[in-house]
Amino acid sequence: MIPVSLLVFVMAGWCAVYLADTLLRSSVTHRISYESWLASRGLMLSPFHVRWQTTMFNRLFAYCARINPRALFIWFNSGLVFGIAAMLGSVVLLIRTLQQTIAQMTTDNPRIGDQQALQVVVPGVNLPTSQLAYFFIALLLSGVIHELGHAVAALREQVRVNGFGMFVFVVYPGAFVDLFTTHLNLISPTQQLRIFCAGVWHNFVLCLAALAFLFLLPLLLFPMYSTGAGALVTEVVQGSAADGPRGLSVGDIVTGLEDCPVRGVEDWTSCLSHLAHTPQTGYCVPVASLQPSWAHGRAFKRLDGTMDCCSNNSLTDLCFSYIKPQGRSSREREYACMPVRKMVTGTRVCHTDDDCAAHSHTASICVTPSLENQTRFIRVTHPPNTHMLFVGYPPHLQYAVSLTNFVPRFGFLHLDLPVFLETFCKYVVSLSGALAVVNSVPCFALDGQWMLNALLEATLANVVIDRQKRELIGFFLLLAGSALLAANVALGLWMVTAR
């Protein structure tokens, strides 16, 4: 659910702004000066919406439009081709996303939702409140680059730009350009397409640039941060399974999970997934270490059918199972409640007794922790400290720890700088790509509406001569695209907030 404190803060802020605006507009002495002050600064206020417009960037747009006419011609023609392809691709993607959403609603399979390329984002629900700054800054940057494309393309096609502005609607920031409509209607449909497609084209380019920066980040930070030596712990959730005096600490470098080497965050994730879906590994221990007082503990069945032999809820002992050394022909299993850290420290992993015999000169057997279904015992290697021993569901360990691939070469370097750059770039990739997709949809009030109208005028003018018929075709196509987008948003919101 959305945090109550966030709702209260947003509602209180907007109520204060709206109340102050209403009082000043109704004031006899301050009304004229207040409205003049708003107009001089290009500000407009309405419930849950504030808008600012200026002409200070018009010279910058004009300069960009004159940099290299030939290169800009190729650039915006490439954007035209991309925009048409994106318009078709966005419809296919929305249909696919709608099918996946309906399938998740009917099958109640949470993994289908994770596979969706597009998801509705609600701050405080499926967007952590700690990452709201990344989200809003990346969204605003994507919007500004989008409108920059429209402005430069318009000036190149001799369409006047009245101004550039930014707005905040509820909590979502955005940007816009105000184009002179008369000039826009006088140019050809192909020229209009270059202008209308420039926004989604620039979003796509920004997405590629952020991806390239992410890919090159290890090289760019190489003088200050090293990679490939392990995953650096940047945060441990207080009270979690990884917290505590023998747990993980900020600054630790994780190099392994059991016999799975960890060279970075990707290895950490894949190793945990592998351990969660494979049988529990065992450990080679000398036969002499199986003391009689441990080996003859009374085993009993848990509710899920697994066996346990430690009935005192000890925090240092764990029930292990093994095949009796003198009765291996019968494959009879024995259970022993043993001090877990003493038994597994410095031992090799195994699956059968033969694995132990191949690597040990002393008589050893393979003992396996006897745990509940889906629960795993995992040794986390983080030298020079002793192993952290984890007993639980592997995804819980993943959620308890935040890690990064970048290890500082010098003590004065901040641990969070690479994390900030990585996270911000990922948000730019996601949001700029999403803006490119959504604005390409042939839908009312989006770029896709004007892209579709210009495309129909450019392609159907000689086929469907009657302009009203072309407009009718465009209307029904826009109606279908709007219904498709609305269905995705409505069902996506329901899936995020109601489940």
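The preceding data block contains the structure.
As a starting point, this report considers the structure included with it. (Residues numbered from 1 in each chain as written. Predicted model: local features only at pLDDT ≥ 70, side-chain atom pairs only at ≥ 80, totals over all residues. Heavy atoms only, no water.)

### Re the overall build of the protein
And then number 1: Looking only at helices and strands, the protein has 16 helices and 20 strands in total.
And then number 2: Rg of the C-alpha trace for the protein: 31 Å, well past the compact-globule value of 23 Å for 499 residues, more than 25% over.
And then number 3: When the backbone C-alpha atoms are referred to their principal axes, the protein occupies close to 95 × 60 × 50 Å.
And then number 4: Among the 499 residues that make up the protein, the fraction classed as buried is 41%.
And then number 5: Sequence-distant contacts, at least 24 apart, represent 68% of the contacts inside the protein between residues at least 6 apart.
And then number 6: Carbon and sulfur atoms provide 63% of the accessible area of the protein, an area that totals close to 27300 Å². (Helix = DSSP H or I, 4+ residues; strand = E, 2+ residues; numbered from the N terminus. Rg over C-alpha atoms; globule rule 2.2 N^0.38 Å. Buried < 20%, exposed > 50% of the residue type's maximum accessible area, 1.4 Å probe, protein only. Contact = heavy atoms within 4.5 Å. Areas by Shrake-Rupley, 256 points an atom, 1.4 Å probe, with all protein chains shown as cover.)

### Looking at the state of the cysteines
And then number 1: Evaluated as defined, the whole model comprises 5 disulfides.
And then number 2: Covalent S-S linkage joins cysteine 284 and cysteine 356, the inter-sulfur distance amounting to 2.1 Å. Taking the torsion about the sulfur-sulfur bond, which here is approximately -90°, the covalent link between cysteine 284 and cysteine 356 counts as left-handed. Here cysteine 356 lies in helix H12 (residues 353-359) and cysteine 284 lies in strand E10 (residues 282-286), a separation of 72 residues in the sequence.
And then number 3: Judged by relative accessible area, which is 2%, cysteine 356 ranks as buried.
And then number 4: Disulfide pairing is shown between cysteine 309 and cysteine 319; the S-S distance is 2.2 Å. Residues cysteine 309 and cysteine 319 are joined through a disulfide that is right-handed, its torsion about the S-S bond being 120°. In this pair, cysteine 309 sits in the loop between strand E12 (307-308) and strand E13 (317-323) while cysteine 319 sits in strand E13, placing the two residues 10 residues apart along the sequence.
And then number 5: Once the disulfide-bonded cysteines of the protein are ranked by sequence position, their pairing pattern turns out to be 1-2, 3-9, 4-6, 5-7, 8-10.
And then number 6: Cysteine 207 takes part in no disulfide bond, and the closest cysteine sulfur to it belongs to cysteine 425, at a distance of 11 Å.
And then number 7: Looking at cysteine 207, the relative accessible area reads 12%, which means it is buried. (Disulfide = S-S within 2.5 Å.)

### Side note on the packing of helix H4 (residues 69-107) against helix H16 (residues 467-497)
Any two packed helices are characterised by the angle at which their axes cross and by the distance between the axes.
And then number 1: Viewed as axis vectors pointing N to C, H4 and H16 meet at an angle of 35°, and their least axial separation amounts to 10 Å. The way H4 lies across H16 gives a crossing that is left-handed. The segment H4 lies against H16, with Val91, Leu94, Ile95, Thr97, Leu98, Thr101, Ile102, Gln104 and Met105 engaging Leu484, Leu485, Ala487, Asn488, Leu491, Trp494 and Met495.
And then number 2: Among the residues making up the contact of H4 with H16, the classes are represented as 12 nonpolar, 4 polar and no charged. (Axes fitted to C-alpha atoms, helices over the stretch in contact; angles between N-to-C directions. Left-handed = near helix turned anticlockwise from the far one by under 90°. Nonpolar A, V, L, I, M, F, W, Y, C, P; charged D, E, K, R; others polar.)

### Describing the sheet that holds strand E6 (residues 231-236)
And then number 1: Within the open sheet, the 3 strands sit side by side as E7-E6-E19. Their pairing is antiparallel. Looking at which strands have only one partner, the edges of the open sheet turn out to be strand E7 (253-254) and strand E19 (401-404).
And then number 2: Summarising the sheet, E6 and E19 pair through 4 bridges and their orientation is antiparallel. By the bridge assignment, valine 236 is partnered in E19 with valine 401.
And then number 3: The sheet strands contacting helix H9 (residues 265-276) are E6, E7 and E19, and the helix crosses E19 at an angle near 140°. (Pairing = 2+ DSSP bridges.)

Shape is all these values report; function is a separate question.
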